[in-house]
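Topology and contacts: notes
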Amino acid sequence: RTMARQITLTNCIGKGRYGAVWKGMWQGEPIAVKVFASRDEQSWARETEYNTVMLRHSNILGYIASDMISRESDTELWLVCYYHPLGSLYEYLQRTELDHQLMLQLCLSAANGLAHLHTDIVGVCGKAAIAHRDIKSKNILVKNDLTCCIADLGLAVTHNSEEDQINIPKNNRVGTKRYMSPEVLDETLNTSSFECFKQADVYSFGVVWEIARRCVSGGLVEEYNPPFYDVVNYDPSFEEMRKVVSVDNYRPVIPNRWSSDPSLSLLSKLLRETWCKNPSNRLTIHRLAPAITKEIYPSNDMD
Ligand SMILES: Nc1cccc(Nc2ncnc3[nH]ccc(=O)c23)c1
């Protein structure tokens, strides 16, 4: 019996245009199964292709298997991963206020996950550099140890530094409009430069803004909101986002209370450097992660 036949799906834990995510049991272990909408088979193929190259990292969602099941009319595509009961960062932030340690831990672990994707490791057990292209709080999961892991590699682009070859998936799916960078919105992103894809990922790192708002300082905390909640409505159009982000160069507001807190004011400085209109002025993820680490462990001087 193929893998999927050994799985019992127990309850649906997520639903969207992408398809649905189910909690299931396999050999007595809880697992998460993403059942792809047939329209999104290209994302399934991409995820499967990457995960077979064994992307193993504590801040990347753990892959178990892919499977294809022929149903009555169509074919069901399954992606089986580890199950995280705490759910996505998006859901976790709605119901949780954070202290400083947890806030920095969530930011750092997410940054480390993205840094692993962006790093090309040459050699036998190496990995191509990967740009995610759909970073958002719904695509980040919270593990039981309260660190993040990044999910959904369906749109990822790889770069083989030895042949300097970029592999862009044939996929009519695009990233989430709310998180699109200015260059993606005004369509000036140079798709022949892998650097540009990494820079666009760093812009989407505004996820840090969503996390930091939920950190209590001086008895104050902001409610959970997605970026641009104050200027666009639910499910904004491409044009709406382009006007706000590219034309008006508007960015999420940094609450005043952050300036009187050392960690929050550091994060606001980092955020400003991930939101630059000019992609080449942005921080790289390899500068962002160490900067957050310094805030947690100020003693060891990294440099
Ligand atoms: N296989 C796969 C691919 C991409 C995302 C997911 N989602 C999840 N994975 C693990 N635990 C979870 N817990 C709660 C909600 C989730 O959505 C979830 C699964």
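The structure displayed is predicted, hence computed values, not measured ones.

Our focus in this paragraph is the nonpolar core. Leu 89, Met 103, Leu 106, Phe 205, Ile 211, Leu 267 and Ile 292 are the most contacted members of the largest nonpolar core, which has 58 residues in total. Counting residues per element, this core draws most heavily on helix α3 (residues 100-118), at eleven residues. If you look at the next biggest cluster of nonpolar residues, it comprises eleven residues, including Met 3, Trp 26, Val 35 and Ile 69.

To continue, consider empty space enclosed by the protein. The tally for this structure, following the rule as stated, stands at one cavity of 30 Å³ or more. Space inside the largest cavity adds up to approximately 60 Å³. Lining the largest cavity, in full, are Arg 178, Tyr 179, Tyr 203, Ser 204, Gly 206, Pro 227, Phe 228, Pro 252 and Trp 275. Here the lining of the largest cavity is composed, by residue class, of six nonpolar, two polar and one charged.

Right, let's get into the sheet that holds strand β6 (residues 129-131). Strand order in this open sheet of three strands is β6-β9-β10, and the pairing throughout is antiparallel. For this open sheet the edge positions go to β6 and β10 (165-167), each flanked by a neighbour on one side alone. If you compare each strand with its neighbour and ignore which way they point, the axes differ by 20° on average. Sheet strands touched by helix α5 (residues 194-203): β6, β9 (157-160) and β10. Its angle to β6, the strand with the most contacts, is close to 55°.

In the predicted model, the protein chain carries a mean pLDDT of 93, and 97% of its residues have values of at least 70. Among the scores for the predicted complex, ipTM is 0.95 and pTM is 0.95.

With that settled, consider the packing of aromatic side chains. Scanning the model with the defined rule gives three aromatic pairs in all. Geometry around Tyr 83 places Lys 23 over its ring, the cationic atom sitting 5.2 Å from the centre. Seen from the ring of Tyr 90, Lys 138 lies directly overhead, with NZ or CZ sitting 4.6 Å from the centre.

Let us look at the packing of α3 against helix α9 (residues 285-296). In the contact formed by α3 and α9, the axes pass within 9 Å of each other and the chain directions differ by 150°. Taken as axis vectors, α3 and α9 run roughly antiparallel relative to one another. Pair α3 / α9 crosses with left-handed handedness. Each of Leu 104, Gln 105, Cys 107, Leu 108, Ala 111, Asn 112, Leu 114, Ala 115 and His 118 in α3 lies in contact with α9, whose residues at this interface are Ile 285, His 286, Ala 289, Ile 292, Thr 293, Glu 295 and Ile 296. In the contact of α3 with α9, the residues fall into ten nonpolar, five polar and one charged.

Before going further, it helps to examine the site of the ligand. Residues in close proximity to the ligand include Ile 13, Val 21, Ala 32, Lys 34, Leu 61, Leu 79, Cys 81, Tyr 82, Tyr 83, His 84, Gly 87 and Leu 141, which together make up its full environment. Here His 84 contributes a backbone N or O atom positioned 2.8 Å from a nitrogen atom of the ligand. Coverage of the ligand by the protein amounts to 90% of the 410 Å² it exposes when considered alone. Judged by its atoms lying within 2 Å of the grid points, the ligand is housed in the largest pocket. Mapped onto the shell around the ligand, the elements with two or more residues apiece are β3 (29-36) and β5 (75-82). Sort the elements by how many residues they give to the shell around the ligand and β5 lands first, with three residues. Here the residues of the shell around the ligand sort into nine nonpolar, two polar and one charged.

What counts, and at which threshold
Residues numbered from 1 in each chain as written. Predicted model: local features only at pLDDT ≥ 70, side-chain atom pairs only at ≥ 80, totals over all residues. Heavy atoms only, no water. Core = buried A, V, L, I, M, F, W, Y, C linked by side-chain atoms within 4.5 Å. Buried < 20%, exposed > 50% of the residue type's maximum accessible area, 1.4 Å probe, protein only. Helix = DSSP H or I, 4+ residues; strand = E, 2+ residues; numbered from the N terminus. 1 Å grid on protein atoms, 1.4 Å probe; cavity = no way out; pocket = protein on both sides within 12 Å on 5 of 7 lines; lining within 4 Å. Points joined across faces, edges and corners; volume = space filled by probe spheres on them. Nonpolar A, V, L, I, M, F, W, Y, C, P; charged D, E, K, R; others polar. Pairing = 2+ DSSP bridges. Axes fitted to C-alpha atoms, helices over the stretch in contact; angles between N-to-C directions. Contact = heavy atoms within 4.5 Å. pLDDT = per-residue confidence, 0-100. Phe/Tyr/Trp six-rings, centres within 6.5 Å; stacked < 30°, edge-to-face > 60°. Lys NZ or Arg CZ within 6 Å of the ring centre and 35° of its normal. Parallel < 35°, antiparallel > 145°, perpendicular 65-115°, else oblique. Left-handed = near helix turned anticlockwise from the far one by under 90°. Near = heavy atom within 4 Å. Polar contact = N/O pair within 3.5 Å; in protein donor to acceptor, adjacent residues only side chain to side chain. Areas by Shrake-Rupley, 256 points an atom, 1.4 Å probe, with all protein chains shown as cover. Sits in = over half its atoms within 2 Å of the grid points.

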